[in-house]
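# An overview of the molecular structure
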Amino acid sequence: MPEDGRPENGRDASGGVLTVPYREREESITLERMEAPIEGTLYEGEARRAEPESELFTINMGPHHPATHGVLRLLLTLEGEVVRELMPIIGYVHTGIEKSCEDQAYWKVIPFVERMDYLSYYFNAQAYCMAVERLLEEEVPRRAQYLRVIHLELNRIASHLFWLGTSALDLGAISMLWYSLRDREKILDLFENSSGQRLHTRYFQVGGVMEDIPPGWEAKCREFLADMPNRLDQYEALLDRNEILLQRLKGVGIVPEDTLLRLGVTGPLLRATGNPWDLRKAAPYSSYDHFEFKVPVGTLGDNYDRFAVRMEEMRQSVRIIDQALEGLPEGPYITENRKYALPPRHELATSMEALIHHFKLVTEGFRVAPGEIYYPIESPRGELGCFVRADGSSKPARVHMRDPSFSNLQALPHMVKDTYIADMIASLAMLDPIIGGIDR
Amino acid sequence: MDATGLELLARSVRERVEGADAVSTNFARGEATLEIAPSALHPVMSFLKGEADEPWEVLTSVHGCDYYPEEPRLGVHYMLLSMARAERLGVKTRVRSEAPTVRSVVDLFPGANFQEREIYDFFGVEFEGHPDPRRIHMPEDYEGHPQRRDFPIGGEPVIFTFNEPKMPRWYA
């Protein structure tokens, strides 16, 4: 038996099977830190404690709570209905994707990383592919860059639509979920049409995209684009003039800009405070500098601003897709360098070199010279960066995603401190965390 | 940031930060990186955040990396960002696997809290002065650091009710 008297291997001293002490696992999570106020220990500012006569009540929310948008557990310290402390506990859907990536050839990693942040799969693939392309110093053809932008922005709309539906659902507007999923369905149809898959499309490849868009895709996409601004008007008419929603959002969950910057928060949360940091503008990648679009910002940084910024981002995405379809250049959709991209099918019958390249790519994959790279892009939730370390073999030695949900979650205690539990649900919805991205 | 700017920055770090004489630079593929000893990490980060002529106010991410079988084996990469100049700077340090300890930068950049915990969880690098040095993704009672290169993939038994008592020490 260990010294602390706990039984070993679930057996007592005589070897008999003990009832397994489930409680012991719970004990490992200590509540000691909850005694110290978050403001006082971590960040400068007023150390706030509850009045000695008032009673603090610690409650566990989640991990299986419908309003936590996934398997997120929150340890709340309440004073009546008011949240005084909050501690997020994560890791419930940790699946070791990054470890699995180290065992795959570079091009086989793409479907793995797509499953991290499962609502913005194109962005994960884009961050990873661009990191590997930077390591290889491989140019992506112009047409592929435009096709990527089109799909990324469609994905951004789909992700924001899902956020809109589930957030409105959390705030009691149930019908919004069906409306926004109806439009998201059209985007998924477009994805299915261009790549064969609705989710986790594996459309982006190192060096370009998997396939050119099929005939008729552009017309379908334009149909959607013509429809979308009207839909957004309708949704704003439903939500933005809704007294209940406005009261639930306005003035709630305000976090000042400098606190967000110290926490490394990016994306719509940061833009809601008025900081126009958007990597599509600040460090344009994949031809984003060819398109005209605006970066919507808020003023106060409350939940309403976060809502309004995302609504406007969808309109801007529509504009970008429109311009990208208009200016879609002719040319190859994937790099012509056969060392990194599979040769076209028809070449295999006639060209020995194509066959050899095909064989090498499919069996071993391509090798990448040693190096390290960090490539950030703007995902619907903020800066999504991919760190890749190559060691010269055909498998990456390290793939690490800087997931925006992971960093942004640290802002939650600041958003909900001294607000009501009901406002915490609103703040969490406006934070828009994706647990698959947080836990990876 | 270009290669010249990186050299100038490295020179000012060497001159103005005590104990940071051994700063080396690496400029590759458009990415500027300062490589420093773990002992100089905290002063250098503090300098870069506040006192440098062109400060780097945001820490976007911290990455862990295992250079097995090389020594010093465990790497910690800090990615700094200046939003005003739209520039990035990597700060990299490597520690030996016998005593993998790095001074935490959570006091400078509170956003590093989760990410340092993640690196401790996956690589076993201990962050001295971290306010909450616990695992973050893996269970509290997990043994080992799974992202190390010599940690095998697979072999993790799944616990069900019927085989629970047979699992050696799974709960202890």
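Residues numbered from 1 in each chain as written. Chains lettered and ligands numbered in written order. Predicted model: local features only at pLDDT ≥ 70, side-chain atom pairs only at ≥ 80, totals over all residues.

### Digging into the overall build of chain A
For chain A, the helix and strand inventory stands at 20 helices and 11 strands. By the burial criterion, 48% of the 440 residues in chain A qualify as buried. Considering only intrachain contacts with a sequence separation of at least 6, the fraction spanning at least 24 residues in chain A is 66%. (Helix = DSSP H or I, 4+ residues; strand = E, 2+ residues; numbered from the N terminus. Buried ≥ 20, exposed ≤ 12 C-beta atoms within 10 Å, placed from the backbone. Contact = placed C-beta atoms within 7 Å.)

### Focus: the sheet that holds strand β4 (residues 74-82) of chain B
Residues and elements named next belong to chain B. If you walk across this open sheet you meet the 5 strands as β1-β2-β5-β4-β3, and the pairing is mixed. The sheet is open, and its two borders are formed by β1 (24-28) and β3 (58-66), each paired with just one other strand. Averaged over all pairs of adjacent strands, the angle between their axes in this sheet comes to 25°, without regard to strand direction. Across 5 bridges, β1 lies against strand β2 (residues 31-36) in antiparallel orientation. By the bridge assignment for β2, A28 is matched with E31. Lying over the sheet, helix α2 (residues 41-51) contacts β2, β4 and β5 (87-95), oriented at roughly 170° with respect to β5. (Pairing = 2+ DSSP bridges. Axes fitted to C-alpha atoms, helices over the stretch in contact; angles between N-to-C directions.)

### Some details on the packing of helix α14 (residues 303-326) of chain A against helix α19 (residues 421-431) of chain A
Residue and element names in this part refer to chain A. At a minimum axis separation of 10 Å, α14 and α19 run at an interaxial angle of 30°. Taken together, the axes of α14 and α19 lie roughly parallel to each other. As for the relative orientation of α14 and α19, their crossing is left-handed in sense. Contacts from N303, R306 and F307 of α14 reach α19 at A426, S427 and M430. Looking at the contact of α14 with α19 residue by residue, the class counts come to 3 nonpolar, 2 polar and 1 charged. (Parallel < 35°, antiparallel > 145°, perpendicular 65-115°, else oblique. Left-handed = near helix turned anticlockwise from the far one by under 90°. Nonpolar A, V, L, I, M, F, W, Y, C, P; charged D, E, K, R; others polar.)

### As for the confidence of the model for chain A
Confidence in the prediction of chain A, expressed as mean pLDDT, is 85, and 88% of residues score 70 or more. This model gives residues 36-48 of chain A a pLDDT under 50, and the stretch forms 15 contacts once residues within four places in sequence are excluded. (pLDDT = per-residue confidence, 0-100.)

### Section: the environment of A:S159
Residues and elements named next belong to chain A. Mapped onto the fold, S159 is located in helix α7 (residues 142-170). Put simply, S159 and S120 are 39 residues apart on the chain and 6.2 Å apart in space, counted from C-alpha to C-alpha. For S159, the residues in contact, after removing those within four places along its chain, are L119, S120 and P380.

### With respect to the pairing of β5(B)
Note on strand geometry: in a regular strand, side chains alternate between the two faces of the sheet. Residue and element names in this part refer to chain B. Among the 9 residues in β5, 7 count as buried, and that is most of the element. Of the pairings in the sheet, the one linking β4 to β5 comprises 9 bridges and is antiparallel in character. From the neighbouring strand, L81 faces β5, where its bridge partner is R88. Linkage of β4 to β5, two consecutive antiparallel strands, is achieved through a turn of 4 residues, within which A86 is found at a positive phi near 55°.

### So, unusual backbone geometry
Going from B:Y68 to B:P69, the amide bond is cis rather than trans, its omega being 0°. Turning to its location among the elements, B:P69 is positioned in the loop between β3 and β4. The amide bond that connects B:E71 to the next residue, B:P72, takes the cis arrangement and shows omega of -5°. Secondary-structure assignment places B:P72 in the loop between β3 and β4. Even without being a glycine, A:S287 presents a positive backbone phi close to 65°. Among the residues examined, A:S287 registers 17 C-beta atoms within 10 Å and is labelled partly exposed. Of note, the phi angle at B:R29 is positive, near 55°, even though the residue is not glycine. Accessibility expressed as a C-beta count within 10 Å gives 12 for B:R29, which makes it exposed.

### Remarks on the sheet that holds strand β5 (residues 82-89) of chain A
Residues and elements named next belong to chain A. The strand order across the open sheet built from 4 strands is β1-β4-β5-β11, with neighbouring strands paired in antiparallel fashion. Of all the strands in the sheet, just β1 (57-61) and β11 (419-420) have a single pairing partner and so form its edges. Bridge analysis of β5 against β11 gives 2 bridges, and the strand direction is antiparallel. The residue bridging V82 from the neighbouring strand is Y420, located in β11.

### With respect to the environment of A:P343
Residue and element names in this part refer to chain A. Among the secondary structure elements, P343 is positioned in the loop between α14 and α15 (345-348). In sequence terms P343 and R315 are 28 residues apart; their C-alpha atoms lie 38 Å from each other. Not counting the four nearest positions on each side in its chain, P343 is found in contact with R338, L348, A354, H357 and H358.

### Side note on the confidence of the model for chain B
Close inspection of predicted coordinates is inappropriate for parts of the model with low pLDDT. For chain B, mean pLDDT is 85; residues scoring 70 or higher make up 95% of the total. Across the interfaces of the predicted complex, the ipTM metric reaches 0.87, alongside a pTM of 0.86.

### Notes on helix α8 (residues 175-195) of chain A
Residues and elements named next belong to chain A. Look at α8: 30 Å from first C-alpha to last across 21 residues, which is about the 30 Å you get at 1.5 Å a residue. For α8, every residue scored as buried is listed here: M176, S180, D183, I187, L190, F191, S194 and S195. Mapping the buried residues of α8 onto a view down its axis gives an arc of 120°, with all of them on the same face. Of the exposed residues in α8, those oriented more than 90 degrees away from the buried face are S175, W178 and R182. A positive phi of about 95° marks G196, the residue just after α8. (Expected span 1.5 Å × (residues − 1). Arc of directions from axis to C-beta.)

### A word on the nonpolar core
Side chains that are nonpolar tend, in soluble globular proteins, to be buried together. Residues A:V113, A:Y128, A:A131, A:V132 and B:V44 are the most contacted members of the largest nonpolar core, which totals 156 residues. Sorting elements by how many residues they give to this core places α7(A) first, with 14 residues. Mapping this core onto the domain boundaries places at least three of its residues in each of domain 2 (33-89) and domain 3 (98-439) of chain A. Residue contacts for A:Y128: discarding those within four places in its chain leaves A:V109, A:I110, A:V113, A:C386 and A:V399. (Core = buried A, V, L, I, M, F, W, Y, C linked by C-beta atoms within 7 Å. Domains from an automatic or database assignment.)

### Quick look at the pairing of β2(B)
Residue and element names in this part refer to chain B. The hairpin turn running from β1 into β2, its antiparallel successor, is 2 residues long, and R29 in that turn takes a positive phi close to 55°. Bridging between β2 and β5 involves 4 bridges; their strand directions are parallel. Residue pairing across strands places E35 opposite K92, the latter belonging to β5.

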